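# Structural description and commentary
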Amino acid sequence: RSAPRDPRPPAPAALLPAPRLHRLPALAPPRLRPRIVPPLPHPPPPQPSPPRFLPQKNDALPFVPTLDAPDCVSPGRFSLQRGDGDQFMSLGCRHGLVLVFNKPKNQILVWDPVTGEQHRLVVPPGVAAHAERTTINGAVLRARAAGDEAQHFQVVLAVADNDDEQHHRALACVYSSETGAWGDLVSTQLPSDVLMSDAPTLVSTDKPAVLVGDSLYWKLAGNMDGILEFDLEKQSLAVIRVPVHILEEGQYMFLIMRAEGGGLGLLIQTDCSIQLWKMKTDCDGVASWGLGRTIELDKLLSLNSDETDMLIPGLEEENNVVLVWTDHIVFMVQLESMEFKKLSGTYPLSHYHPFRSVYAAGI
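Quick caveat: nothing in here was measured; it's all calculated off a predicted structure. Per-chain numbering applies: the sequence of each chain, read as written, is numbered from 1 onward. Local features in this predicted model are restricted to residues of pLDDT 70 or higher, and side-chain atom pairs are both shown and tallied only at a pLDDT of 80 or more, whereas totals for entire chains, interfaces and linings draw on every residue. Working from all heavy atoms in the structure, the side-chain values ignore hydrogens and water.

## Thoughts on the nonpolar core
Definition used in this section: a nonpolar core is a set of buried Ala, Val, Leu, Ile, Met, Phe, Trp, Tyr and Cys residues joined via side-chain atoms within 4.5 Å. The cut-offs for exposure are 20% and 50% of the maximum accessible area for each residue type, with area from a 1.4 Å probe on protein chains only; residues under the lower value are buried, those over the upper are exposed, and the others partly exposed. Counting residues in each nonpolar core, the largest one holds 21 residues, and the members touching the most others are Leu216, Trp218, Leu228 and Phe230. When contributions to this core are tallied by element, the ones reaching two or more residues are strand S7 (136-144), strand S8 (151-161), strand S9 (169-176), strand S14 (215-222) and strand S15 (226-231). Should any heavy atoms of two residues lie within 4.5 Å, those residues are counted as being in contact. Among residues more than four places away in sequence, those in contact with Leu216 are Arg94, Ala139, Leu141, Val156, Ala209, Val210, Leu211, Leu228, Glu229, Phe230 and Leu232. Where helices and strands are cited, they refer to DSSP runs of H or I of at least four residues and of E of at least two residues respectively, numbered from the N terminus.

## As for the sheet that holds strand S21 (residues 310-316)
Strand pairing requires that DSSP identify at least two bridges connecting the strands. The four strands are arranged S21-S22-S23-S24 in an open sheet whose pairing can be described as antiparallel. This sheet does not close on itself; its edge strands, each paired only once, are S21 and strand S24 (340-342). Here the strands of the sheet are splayed against their neighbours by 20 degrees on average, with no regard to which way each runs. Bridge count for S21 against strand S22 (residues 321-326) is five bridges, and the pairing is antiparallel. Looking across to S22, one finds that Glu316 is bridged to Val321. What counts as an axis is a line fitted to C-alpha atoms, over the stretch in contact for a helix, and the angles between N-to-C directions run from 0 to 180 degrees.

## Remarks on unusual backbone geometry
For Asn320, which is not glycine, the phi dihedral falls at a positive 50 degrees. Within the fold, Asn320 resides in the loop between S21 and S22. A positive phi angle, close to 65 degrees, is found at Met338, a residue other than glycine. Within the secondary structure, Met338 sits in the loop between strand S23 (329-334) and S24.

Now the structure itself:
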């Protein structure tokens, strides 16, 4: 087996081809990203590759390469073929793995597109019981056992329990490839004072989970807008409230992200601008949200804001690179350096899950 993949952000390399980059003056230096080529038969030590984007669809999982020729790898090389009765929905990518929910077969698929390795897991009964009535979401990540050279993975599934109208709950369950089994079901009550209607609460599948520190975060939707946190160390769930003005102004277009400088953050879209928020904790342990920067994307990308609809269909969590969709064009924008790239070709409006893995470079 090849050397374990390092789940940390990749080592410095070229972010994007320099001639295609635009940068505003007096801004932070660029965060760096690598390039991708196919694996070789006898590879030297692996190096990290840049993200490729996996549209979230229910019939197949095609890849959209982000690099131009000659670095572009054929999308078909990494496409997951579906069998009879399969209905795939991507739940996200992390550490070189893709997590897929196959609802008709009540299966979770952990897939390594580079090696082709697949692990098919049966959804645990405590989660599957709610799959017919609501959405389930999940996350995959690498985890190394102490003193063990082999690198294992974990899968965390999250779902809302709306069976008891008086006591809505969120549930989570963890699978470990080290033990080959699902753990106990973890639950937490959803706060009743923020429920906005009789509609069910959902662990939204609109965007994948975000890993910040030792916790995974999902967006809650339906009859409440909030954030569901799963602490991987404590194996516990908690609900975090979003800034009050989001609910007051009806601005539900927010993304969970790693805040600049670390910690939990939010990206809130307002027309053609985005606001970056960060959760702060005072000396008494009381948490609150604070507004950081506002980025005018229409000016950065030289767009006509009067004629432009803009959406954020994806976010690459490791380097805070957002995808901006406008007029059937997709841009990648690195939020700290403010560098951006217009992706070649046109793309259907969808949810994109950035994928990052390793490759072997020739000598």
